[in-house]
Amino acid sequence: MDAQKVMVCSLAMRLSSFVNLAMLILVSASVALGVTAFSSSVAHASSFEAANNNVNEGSVISAEKQNQSVNFKRDEKINVAVAANFAKPLKSIAEQFTELTGIEVAVTVSSSGTLYAQIQHGASFDVFLSADRARPQALVDNNVVHHGNLVDYAKGKLAFVYAGELSSEASHETSGERNCEQIARSSTGDTTAQINVQLTDCLSKQLVQLMENPQNKVAIANPKLAPYGDAAQQTLQNLSLWQQFLPHRVMGKNVLQTLQFYTTGSVKGAFVAYSSALDLPANLSSNLPSNFNSVVNTKSADTFTVIVPVPETLYKPIIQSLVINSKTVATLSPNLFEPLPIKNAAAPVDEPIHNDNVEPTRAFRLSDANGVSSPSLFVQYLMSQGVQHSLIEWGYEPTIASGVGN
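Now for a description of the structure that goes with this document. (Residues numbered from 1 in each chain as written. Predicted model: local features only at pLDDT ≥ 70, side-chain atom pairs only at ≥ 80, totals over all residues. Heavy atoms only, no water.)

1. Looking at the overall build of the chain
Next up, step 1: For the chain, the count of helices and strands is 14 helices and 12 strands.
Next up, step 2: Across the 406 residues of the chain, 45% fall into the buried class.
Next up, step 3: For the chain, restricting intrachain contacts to residue pairs at least 6 apart in sequence, the fraction spanning at least 24 positions comes to 77%.
Next up, step 4: A total of about 20900 Å² of accessible surface is found on the chain, and carbon and sulfur atoms cover 53% of it. (Helix = DSSP H or I, 4+ residues; strand = E, 2+ residues; numbered from the N terminus. Buried < 20%, exposed > 50% of the residue type's maximum accessible area, 1.4 Å probe, protein only. Contact = heavy atoms within 4.5 Å. Areas by Shrake-Rupley, 256 points an atom, 1.4 Å probe, with all protein chains shown as cover.)

Here it is in structure tokens:
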């Protein structure tokens, strides 16, 4: 009997040891898996930090000192639909955003009207950047997206471009008469209102002169699909030239195709986004086909592009808005791409106190974006002060000086 008790006790002890060993193995495996997952996040966060070291070097809190219990889950790719006029700036902005965050941006370019219709029919774009405010607002009004996901991101400008002749330019200089572009660049001290009056008169005369020749064609984007086409129609109507213009009209699907009609020599002039016009070469002769001279009725191959900023008094403001395509409200504030005061961060207690007059700040880190969706992050980046200021170089005006969340 005693021998049986001893045997039972021995088996119980062995079983207990086996269970303890199994639990130890399971716990060890869990810890190892957790460290691996977190290490990947830390490495990812560190790459963001490295990309921003040039912003506030020395004031960035080390990622290793942050709360290491957070495991980040991040969409690897977002789909962005953009109106044709903003395609080039968006390409640059998207590349910067990917470099900073690691989130890839797939871009679809078309007219605002086409993209709007696709979203209405269920297209899975994460963000839609329109060339107007009407279509994003319509998506809100139709309960397709949350009302808090609508943001004005840029103010566009309309321009009229046409092919001039160097001989004509020389005659202008001899007579002292200024062309429309020279009026726009005037530094004579005239007020904006005075320049607008002169530009309106000059633009009207130039259009009338172009349309005197029945063979000359002028391009606009489709007013029903493209806001810049609508602005062009408003301009011609306010100049009382719409009916006269119709026999000369060539219509593009979007503003990029309209510009293409001009650069290939299919038309003598075109109403386009001012931002697109800035990319045109000053001298057209090396970029146009051999038949361009006959198309534009010039006697010399020495042609140049004249860019006329259309006075904003001739069309309604082109406020370009975007929506995040979700019925859930986006996280747009605070803007994590603005410099953040260290005192508001989760800094360790032993973090040194800065006594400088300028409050120390740190740049964007992935750890700050926990719980913020990738589309929200993209819009925050677009609306950050640095990116908004850069829009001026692309031919746009920022909608707000300080960006979203400020």
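2. Overview of helix α2 (residues 87–101)
Next up, step 1: The end-to-end C-alpha distance of α2 is 20 Å, a good match for the 21 Å that 15 residues give at a rise of 1.5 Å each.
Next up, step 2: Buried within α2 are the following residues: Ala-87, Pro-89, Leu-90, Ile-93, Ala-94, Phe-97, Leu-100 and Thr-101. Down the axis, α2 shows its buried residues gathered within 145 degrees of arc, on one side only. Exposed side chains of α2 directed beyond 90 degrees from the buried face belong to Lys-91 and Glu-99.
Next up, step 3: Just downstream of α2, Gly-102 is the residue with a positive phi angle, here 85 degrees. (Expected span 1.5 Å × (residues − 1). Arc of directions from axis to C-beta.)

3. Here we look at the side chain of Glu-338
Next up, step 1: As for its position among the elements, Glu-338 is in the loop between β10 (318–324) and β11 (340–341).
Next up, step 2: Among the residues examined, Glu-338 registers a relative accessible area of 6% and is labelled buried.
Next up, step 3: At a separation of 2.9 Å, a polar atom in the side chain of Glu-338 contacts the main-chain amide nitrogen of Gln-385. (Polar contact = N/O pair within 3.5 Å; in protein donor to acceptor, adjacent residues only side chain to side chain.)

4. Some details on the nonpolar core
Next up, step 1: Phe-86, Leu-129, Phe-160 and Phe-271 are the most contacted members of the largest nonpolar core, which has 80 residues in total.
Next up, step 2: Among the elements that make up this core, the one with the highest residue count is helix α7 (residues 192–211) (seven residues).
Next up, step 3: Other than its neighbours up to four places away in sequence, Leu-129 contacts Val-80, Ala-81, Val-82, Ala-83, Phe-86, Leu-90, Tyr-153, Ser-321, Leu-322, Phe-378 and Leu-382.
Next up, step 4: In terms of nonpolar packing, the next biggest core, distinct from the first, is built from 13 residues, Ala-81, Tyr-116, Ala-138 and Val-144 among them. (Core = buried A, V, L, I, M, F, W, Y, C linked by side-chain atoms within 4.5 Å.)

5. Quick look at the environment of Leu-336
Next up, step 1: Inspection of the secondary structure puts Leu-336 in the loop between β10 and β11.
Next up, step 2: The exposure class assigned to Leu-336 is buried, which follows from its relative accessible area of 8%.
Next up, step 3: Considering only alpha carbons, one finds Leu-336 and Leu-377, 41 residues apart in sequence, at a separation of 7.9 Å.
Next up, step 4: Each residue touching Leu-336, except ones within four places of it in the same chain, is listed here: Phe-364, Asp-368, Ala-369, Val-372, Leu-377 and Gln-380.

6. Notes on the pairing of β10
Next up, step 1: Most of β10 sits inside the fold, with six of its seven residues counted as buried.
Next up, step 2: Where strand β3 (residues 127–129) lies against β10, three bridges are found, and the strand directions are antiparallel. Paired with Leu-129 across the strands is Leu-322, a residue of β10.
Next up, step 3: The pairing of strand β4 (residues 150–156) with β10 spans six bridges and is antiparallel. The residue bridging Lys-155 from the neighbouring strand is Ile-319, located in β10. (Pairing = 2+ DSSP bridges.)

In short, geometric facts, not functional conclusions.
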